[in-house]
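Now for the letters of each chain:
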Amino acid sequence: MNDSIKTVLYRNIFRENPVIRQILGICSALAVTGLMSNSLVMGLGLIFVTSLSSFTISLLRDFIPHRIRMIVQTLIIASYVIMVDIFLKAVFPEISRALGPYVGLIITNCIIMGRAEAFAQNNRPVISFFDGMFAGIGYTIVLLIVSFIREFLGFGTLFGISLNLEFTRWTFMIMPPAAFFIIGILIWISSNYMDYRGRAK
Amino acid sequence: MKKGYSYTILFAFIISLFFSAILGGLNTFYKEEILENTLIYEKRAILDSLGIEYGDTSQSIEEMFDDNIRQLETMTDNRIYEMIDGDGAVVAYSVKFTGKGLWGTIAGYIGIDRELEHIIALQYTEQNETPGLGGRIADDEFRNQFNNLPVVQDRMIDYDDDIQAITGATSSSSAVLDIVNRFIKNDLKILGELKYE
């Protein structure tokens with residue numbers, strides 16, 4: 001497979017968006033989307049881990065013994081996540097505290113393992129890096145959309161900045177079920193435009 | 001024997017060693033900073049519980065802490081800090097608390113004046129309540145209810161005109177109330193005995 005960067009970009013952000021189309025990474029999409037700042041940091045962490053994991057796994061793909069393939073992938077992914085965790089704790093402790101356990105949970109995020117198995121195992125390192133990066137970007141975009149709606153309606157703020165609009169806050173938006181509903185609506189909208197193969201209807 | 005058992009074991013060993021070494025190195029490199037961040041966070045909570053103000057930098061937190069606070073060295077497992085004035089006399093106490101919230105531990109400090117008559121303030125070092133709901137126990141609006149709260153040994157406090165729960169966060173609010181009541185029941189006695197030493 002010799003996909004171009006443009007193909008990989010379009011595929012990972014739109015046609016096969018990990019959250020809206022592939023329904024991956026839902027757990028963190030529900031948990032951190034209460035606030036836009038948390039979503040952004042989570043997204044950046046995931047972009048970092050997914051791109052570097054895909055790159056590393058692709059680099060080693062001819063050397064990894066097949067029978068321990070997934071274990072090795074998990075090892076590589078976990079290592080990058082812990083790097084992010086240590087870095088945040090040392091340099092941005094406030095953000096680390098705000099995200100709490102969810103940084104560590106990036107290890108379990110299906111998107112990273114998904115890209116490793118589906119793409120990095122069978123493609124060259126550089127294009128795998130971009131594949132991972134755009135998958136992370138696709139994830140981040142969805143998270144920001146969800147958290148935009150949740151933070152605006154639930155808190156009346158965006159990125160922590162109050163908009164000074166007078167309306168009764170929708171407390172429901174702060175709770176996890178709100179993310180379920182919003183993501184469900186986004187999936188419904190996107191599947192009205194694309195069939196299950198990602199072709200325009 | 002390229003993909004036989006020996007190769008598998010060797011590969012697994014080498015790659016584990018490689019990544020463990022990188023993480024170990026990174027951890028060591030940042031260890032002091034992480035520890036310092038944790039300590040600064042504790043010190044900030046102690047200062048907040050005593051109503052002491054400080055600047056934005058960690059340096060100013062350290063300075064205010066060193067100038068005003070002294071740890072009480074007794075058998076009370078390092079939970080109590082004393083606020084001292086210019087002459088070294090004790091002006092107030094700050095006591096660490098740990099309690100059970102809805103989702104996890106709630107920990108922090110309660111400041112109380114030397115006469116043990118009024119709580120100065122309350123500040124958290126740890127709470128994992130629902131962000132936006134239970135998490136609002138960390139908001140000034142809720143915390144400030146405990147500022148200058150008069151307390152009497154063994155007289156439990158309850159919700160009233162002065163202390164109100166947060167709508168949608170009853171469990172978390174009550175958890176904090178329980179923590180304050182436990183403080184009144186247990187720690188006031190301990191502090192009272194200290195006064196007469």
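Our subject in this report is the structure included herewith. (Residues numbered from 1 in each chain as written. Chains lettered and ligands numbered in written order. Predicted model: local features only at pLDDT ≥ 70, side-chain atom pairs only at ≥ 80, totals over all residues. Heavy atoms only, no water.)

Quick notes on the overall build of chain A
Secondary structure summary: chain A contains eight helices and two strands in total. For chain A, the sequential pattern of α-helices and β-strands runs α-α-α-α-α-α-α-β-β-α. Taking 17 Å as the expected radius of gyration for a compact globule of 201 residues, we find that chain A reaches 18 Å, a close match to that expectation. When its C-alpha atoms are laid out on the principal axes, chain A stretches across 60 × 50 × 25 Å. Taken over 201 residues, chain A has a buried fraction of 48%. Nonlocal contacts in chain A, meaning residues at least 24 apart in sequence, comprise 74% of its contacts between residues at least 6 apart. Accessible surface for chain A amounts to roughly 9,800 Å². Of this, 71% is attributable to carbon and sulfur atoms. (Helix = DSSP H or I, 4+ residues; strand = E, 2+ residues; numbered from the N terminus. Rg over C-alpha atoms; globule rule 2.2 N^0.38 Å. Buried < 20%, exposed > 50% of the residue type's maximum accessible area, 1.4 Å probe, protein only. Contact = heavy atoms within 4.5 Å. Areas by Shrake-Rupley, 256 points an atom, 1.4 Å probe, with all protein chains shown as cover.)

A word on the packing of helix H1 (residues 5-15) of chain A against helix H7 (residues 125-155) of chain A
Residue and element names in this part refer to chain A. For the pair H1 and H7, interaxial distance at closest approach is 8 Å and the crossing angle is 30°. Between H1 and H7, the interaxial angle falls into the category roughly parallel. Along this stretch, H1 crosses H7, giving a crossing that reads as right-handed. Contacts between H1 and H7 pair Ile5, Val8, Leu9, Arg11, Asn12 and Ile13 from the former with Ile127, Phe130, Asp131, Phe134, Ala135, Ile137, Gly138 and Ile141 from the latter. When its residues are assigned to classes, the contact of H1 with H7 shows 10 nonpolar, two polar and two charged. (Axes fitted to C-alpha atoms, helices over the stretch in contact; angles between N-to-C directions. Parallel < 35°, antiparallel > 145°, perpendicular 65-115°, else oblique. Left-handed = near helix turned anticlockwise from the far one by under 90°. Nonpolar A, V, L, I, M, F, W, Y, C, P; charged D, E, K, R; others polar.)

Brief notes about the packing of aromatic side chains
Going through the model one piece at a time under the given rule, you end up with 17 aromatic pairs over all chains. Look at A:Phe130 and A:Phe134: their rings are 6.2 Å apart centre to centre, the planes differ by 25°, and that puts the pair in the stacked class. Pair noted here: A:Phe130 and A:Phe134 are both in helix H7, with a separation of four residues, about one helical turn. A relative accessible area of 22% places A:Phe130 in the partly exposed class. Considering the side-chain rings of B:Tyr81 and B:Tyr109, the 5.9 Å spacing of their centres and the 70° angle between planes classify their relative orientation as edge-to-face. With a gap of 28 residues between them, B:Tyr81 in strand S2 (residues 80-84) and B:Tyr109 in strand S4 (residues 105-113) connect regions that are remote in the sequence. (Phe/Tyr/Trp six-rings, centres within 6.5 Å; stacked < 30°, edge-to-face > 60°.)

Things to note about a nonpolar patch on the surface
A cluster of nonpolar side chains, contributed by A:Leu40, A:Leu44, A:Phe159 and A:Ile161, occupies part of the molecular surface with about 380 Å² of accessible area. Tracing the backbone through its elements, the reader meets A:Leu40 in helix H3 (residues 36-59). (Patch = residues over 30% accessible without salt bridge, like charges linked within 9 Å, V, L, I, M, F, W, Y side chains within 5 Å. Salt bridge = Lys/Arg side-chain N within 4 Å of Asp/Glu carboxyl O.)

Considering the interface of chain A and chain B
Counting from both sides, the interface comprises 26 residues of chain A and, opposite them, 24 residues of chain B. Joining chain A to chain B, the criterion identifies one salt bridge. For A:Glu94, the salt bridge is made with B:Arg44, and the minimal N-O distance between the two is 3.4 Å. On inspection of chain A and its partner chain B, the count reaches four residue pairs in polar contact (both at pLDDT 80 or more). Broken down by secondary-structure element, the contributors of at least two residues to the side of chain A that touches chain B are helix H4 (69-91) and helix H5 (93-99) of chain A. Ranked by residues supplied to the side of chain A that touches chain B, first place goes to H4(A) with 11 residues. Its residues assigned to classes, the side of chain A that touches chain B comprises 18 nonpolar, three polar and five charged. (Polar contact = N/O pair within 3.5 Å; in protein donor to acceptor, adjacent residues only side chain to side chain.)

Some remarks on the pairing of S4(B)
All names here are of chain B. Counting buried residues in S4 gives eight out of nine residues, a clear majority hidden from the surface. Across nine bridges, the pairing between strand S3 (residues 90-100) and S4 is antiparallel. Among the inter-strand pairings, Val95 is bridged to a residue of S4, identified as Ile110. In the sheet, S4 pairs with strand S5 (residues 118-126) via six bridges, with the strands oriented antiparallel. In the strand pairing of S5, Gly111 is matched with Ala121. Taken together, S4 and the strand that follows it, S5, pair antiparallel across an intervening segment of four residues, in which Leu116 is found at a positive phi of about 60°. (Pairing = 2+ DSSP bridges.)

Some points on the sheet that holds S3(B)
Residue and element names in this part refer to chain B. What the six strands build is an open sheet, ordered S1-S2-S3-S4-S5-S6; its pairing is antiparallel. The sheet terminates laterally at strand S1 (69-71) and strand S6 (149-150), the two strands that pair on one side only. This element, helix H1 (residues 5-49), spans S1, S2, S3, S4 and S5 of the sheet and lies at about 160° to S5.

Comments concerning the pattern of salt bridges
A full pass over the atoms with the stated rule returns 12 salt bridges over all chains. One salt bridge in this structure joins A:Glu94 and A:Arg97, with 3.7 Å as the shortest N-O distance. Separated by three residues within a single helix, A:Glu94 and A:Arg97 lie in helix H5, roughly one turn from each other. You can call A:Glu94 partly exposed: its relative accessible area is 46%. A:Arg97 gets classed as partly exposed once you look at its relative accessible area, which sits at 34%. The shortest N-O distance in the salt bridge between B:Lys96 and B:Glu42 comes to 3.4 Å.

Note that all results are geometric; they support no functional claim without further evidence.
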